[in-house]
Amino acid sequence: MKTSNPVLARLGQAAERERSAGYAPAGPYGQPGIPQQYPSQAGYPAAPPTVAPMTVDDVVVKTVALLGILGITAAAAWVLVPDALVGTAWIGAAVVGLVLGLIISFSRMANPALVIAYAVVEGVFVGMVSKAFETAYDGIVLQAAAASFGIFFLMAMLYKAKVIRATPAFVKGMIAVITGLFAVMLINFVLAMFGVNTGLRDGSPLAIGFSLVCIVVASLSFVLSFKEIEDGVRMGLPQRYSWVAAFGILVSLVWLYIEILRLLSYFQGDD
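Residues numbered from 1 in each chain as written. Predicted model: local features only at pLDDT ≥ 70, side-chain atom pairs only at ≥ 80, totals over all residues. Heavy atoms only, no water.

What to know about the nonpolar core
- If you look at the biggest cluster of nonpolar residues, it comprises 60 residues, and the most contacted ones within it are L66, F222, V223, I249, L250, Y257 and L261.
- Broken down by secondary-structure element, the contributors of at least two residues to this core are α2 (56-80), α3 (86-106), α4 (112-136), α5 (140-160), α6 (168-193), α7 (205-235) and α8 (242-267).
- With 17 residues, the top contributor of residues to this core is α8.
- Among residues more than four places away in sequence, those in contact with F222 are F152, M155, I249, S252, L253 and L256.
- Membership of the second largest hydrophobic core comes to 5 residues, among which are A77, V86, A89 and M128. (Core = buried A, V, L, I, M, F, W, Y, C linked by side-chain atoms within 4.5 Å. Buried < 20%, exposed > 50% of the residue type's maximum accessible area, 1.4 Å probe, protein only. Helix = DSSP H or I, 4+ residues; strand = E, 2+ residues; numbered from the N terminus. Contact = heavy atoms within 4.5 Å.)

Concerning the packing of α5 against α7
- At a minimum axis separation of 10 Å, α5 and α7 run at an interaxial angle of 50°. By the angle between their directions, the pair α5 and α7 is classed as oblique. The way α5 lies across α7 gives a crossing that is right-handed. Across the interface between the two elements, I151, F152, M155, A156 and Y159 from α5 touch I215, S219, L220, F222, V223, F226, K227 and E230 from α7.
- Of the residues contributing to the contact of α5 with α7, the split by class is 10 nonpolar, 1 polar and 2 charged. (Axes fitted to C-alpha atoms, helices over the stretch in contact; angles between N-to-C directions. Parallel < 35°, antiparallel > 145°, perpendicular 65-115°, else oblique. Left-handed = near helix turned anticlockwise from the far one by under 90°. Nonpolar A, V, L, I, M, F, W, Y, C, P; charged D, E, K, R; others polar.)

What about the UniProt feature "transmembrane region" (unreviewed entry) in the chain?
- With numbering aligned to this structure, UniProt lists the feature "transmembrane region" (unreviewed entry) at residues 59-81, 87-106, 113-133, 139-159, 171-194, 206-229 and 241-258.
- End-to-end, the C-alpha atoms of residues 206-229 are 35 Å apart, and along that stretch the chain is 100% helix and 0% strand.
- Between the first and last C-alpha atoms of residues 241-258 the distance is 26 Å; the span itself is 94% helix and 0% strand. (UniProt positions renumbered as here; feature names shortened; annotations may be inferred.)

As for the packing of aromatic side chains
- Counted by the stated rule, this structure contains 6 aromatic pairs.
- Where Y118 meets F247, the ring centres are 4.9 Å apart and the plane angle is 75°; that geometry is what we call edge-to-face. Of this pair, Y118 sits in helix α4 while F247 sits in helix α8; the two residues are 129 residues apart in sequence, bridging distant segments of the chain.
- On the basis of relative accessibility, which here comes to 6%, the residue Y118 falls in the buried class.
- Centroid distance Y159 to F226: 5.6 Å. Interplanar angle 50°. Geometry classified as tilted. Of this pair, Y159 sits in helix α5 while F226 is found in helix α7, placing the two residues 67 residues apart along the sequence. (Phe/Tyr/Trp six-rings, centres within 6.5 Å; stacked < 30°, edge-to-face > 60°.)

Structure follows, in structure tokens:
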């Protein structure tokens, strides 16, 4: 199966490698496939590889675990990092998280330790961002968190009801838009470090419009993850790839949360 999601783009290749190693994908109803028999050097059938297939429950468990790690790390960073170092920790965690995210996204191996490390770093980032916004706007963090999870569950229901479907055209369009937004945000971040204001993050009508676009795209990105998870389960990917699938959901959730925080702050700027 060909996939266009940059976060889960290697899953199809992983399935091919597992099948070439003797692993049979799950049956149509999720039951384990029948392993192929390979002759050993002694002429007797060798023991087939014992690789459990990934399930939706595996992805749910890993996602909850990553969110728990992120939440605990965010709370710890909020309490332990001095106010004077919030900005430094914020930028440092953002850069490290970006590097780890790119490594995980384009790596050919599912590395649980790397995914967990990403959740820890993102926890520091989310904790510092949340602390800064909550200090300026009381109650904004709870509002943003509730909105983020509400949107996530709404998108899950819409996908399950087939109201929104990941057609080839939808996937290609989403990948193009996400890539473009990522490039714009990266350029804006670099320019902001040199004191250049592009108007994308200053609370202006342009900034509000940009955040609304990011929120819509981040919400729709869940559809890509749901589709890739569904296809991964159908293909019988190894259980360890549920970490990669959970990582994809975590990335979208953090992005959505940050954009909602920004948008809410724009409307509370005059309080």
